[in-house]
Each structure stands twice: as structure tokens, then as C-alpha cells.
Amino acid sequence: MFLSTFEKQLDSKRRIVVPQEFRAAVSGPFDGIFCFPSIEADCLEAGGKALFDRYQAVIEEMPFGDPTRTALETSILGGMAKLTFDTAGRITLPDHLCDMFGLTDSVAVVGMGERFQIWSREAFQAHRAQQRDLAREGLAALRAQQRAAQLGVGKFGGAA
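Residues numbered from 1 in each chain as written. Predicted model: local features only at pLDDT ≥ 70, side-chain atom pairs only at ≥ 80, totals over all residues. Heavy atoms only, no water.

1. Description of the overall build of the protein chain
Helix and strand counts for the protein chain stand at five helices and eight strands. Counting helices and strands in the order they occur from the N terminus, the protein chain gives β-β-α-β-β-α-α-β-β-α-β-β-α. With respect to the three principal axes, the spread of C-alpha positions in the protein chain is 65 × 40 × 30 Å. Per-residue burial for the protein chain yields a buried fraction of 36% across its 160 residues. Partitioning the intrachain contacts of the protein chain with sequence separation of at least 6 by distance along the chain shows that 60% fall at a separation of at least 24. When the accessible surface of the protein chain is totalled, it reaches about 9700 Å², and 54% of it is carbon and sulfur. (Helix = DSSP H or I, 4+ residues; strand = E, 2+ residues; numbered from the N terminus. Buried < 20%, exposed > 50% of the residue type's maximum accessible area, 1.4 Å probe, protein only. Contact = heavy atoms within 4.5 Å. Areas by Shrake-Rupley, 256 points an atom, 1.4 Å probe, with all protein chains shown as cover.)

2. Re the nonpolar core
Taken as a class, soluble globular proteins show a tendency for nonpolar side chains to be buried jointly. Ranked by internal contacts, the top residues of the largest apolar core, which has 23 residues, are Ile33, Ile91, Leu93 and Leu103. Counting only elements with at least two residues in this core, the list comes to strand 3 (32–37), strand 4 (44–47), strand 5 (81–84), helix 4 (95–101), strand 7 (106–111) and strand 8 (116–120). Looking at which element gives the most residues to this core, the answer is helix 4, with three residues. Those residues within four positions of Ile91 in sequence are excluded, and the remaining contacts are Arg14, Arg15, Ile16, Val18, Ile33, Leu83, Thr84, Phe85 and Ile118. Of all hydrophobic cores here, the second largest spans nine residues; its members include Phe34, Tyr55, Leu72 and Met80. (Core = buried A, V, L, I, M, F, W, Y, C linked by side-chain atoms within 4.5 Å.)

3. Digging into the side chain of Ser38
By the secondary structure assignment, Ser38 is in the loop between strand 3 and strand 4. Judged by relative accessible area, Ser38 falls into the buried class, the value being 10%. Polar side-chain contacts of Ser38 include one of 3.1 Å to the backbone nitrogen of Glu40. Engagement of the side chain of Ser38 in a polar contact is seen with the side chain of Glu45, the distance being 3.5 Å. Those residues within four positions of Ser38 in sequence are excluded, and the remaining contacts are Cys43, Leu44, Glu45 and Gln117. (Polar contact = N/O pair within 3.5 Å; in protein donor to acceptor, adjacent residues only side chain to side chain.)

4. Description of the UniProt feature "domain: SpoVT-AbrB" (unreviewed entry) in the protein chain
The residues that UniProt annotates with the feature "domain: SpoVT-AbrB" (unreviewed entry) are residues 5–51 and 80–123. Across residues 80–123 one finds 23% helix and 41% strand; the C-alpha atoms that close the span lie 22 Å apart. (UniProt positions renumbered as here; feature names shortened; annotations may be inferred.)

Structural data, given as C-alpha cells:
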């Protein structure tokens, strides 16, 4: 699993040291990561073969020619880069991916369980604040639903 957040420096050649814990999580026949523009946010998404396989399975569930399938194929498969680790545990991010999200010097590498994201440090700080607010609101709504279910109250305030 990819856990925690790390601040890293992107060097002049667009290389970044991937945290050792993340490198260990993707060890396998391919010594590197799959990286592509995130669909959910303005950042890069990355992970190992398991993440690639998961997205591929989602795509294959849809019929060939379906507009959503085509959009996913274009965004994920068409935007994907296979990045190998060098001897120092670094990957080199492609120019177009760095340009797309303003990755220039200081980046945040954010673990998200089965995947991780690479953000510009400033963009991630704003995103993290928004996500904390959404998490609080979502958790409060979930707890309210659970309390209502325990009390036998329906959606509209009446007894179920």
C-alpha cells in the first residue's frame, strides 16, 4: 500500500526520488511505475502493475465504442507513461506531464492506498484543505444516516 505524504524535489532533468516504501510496494517483473494524468484531480496518478490492471479491467467492462470507455482509454491508456527506476530510485517525468500540472521544483507525493499522486506542492496544499472539508462533511452525513437507521427513522423524518 502507498501511505503518507512526502515532499520531494524535482531536479532540472525532471527526476524525482520515489519513496523507498513506494518502490517496495511496486516491486515485481517491471521495475518502475505506470504514471498518467489523474481523472479526479489536477495531478499525476501512479502505481504498479496492479493499478494498471485495475483500470484496464474497468475499461474492459464497458462495450467497445462506448463514449465513456473511449474517454477512459484516451485519458488513461493514451496518457500513460511507463517509468523505470534508476539506480538511485528516481523516475524521470515526461515534459508534457510536468507541463500539464505545473510540476517544476517542489512536489508532493501522496499515498492513496493502491495508488499515489504527484502534485505541485502548492496545488496539493489547497487540495488537501478541500479534501479535509469534504471528508468531515461526508463523515458527518454518514454518521447521521447511521443514527437514523438505528432509530428506525426513514429518509423523510418519519418512522420507517
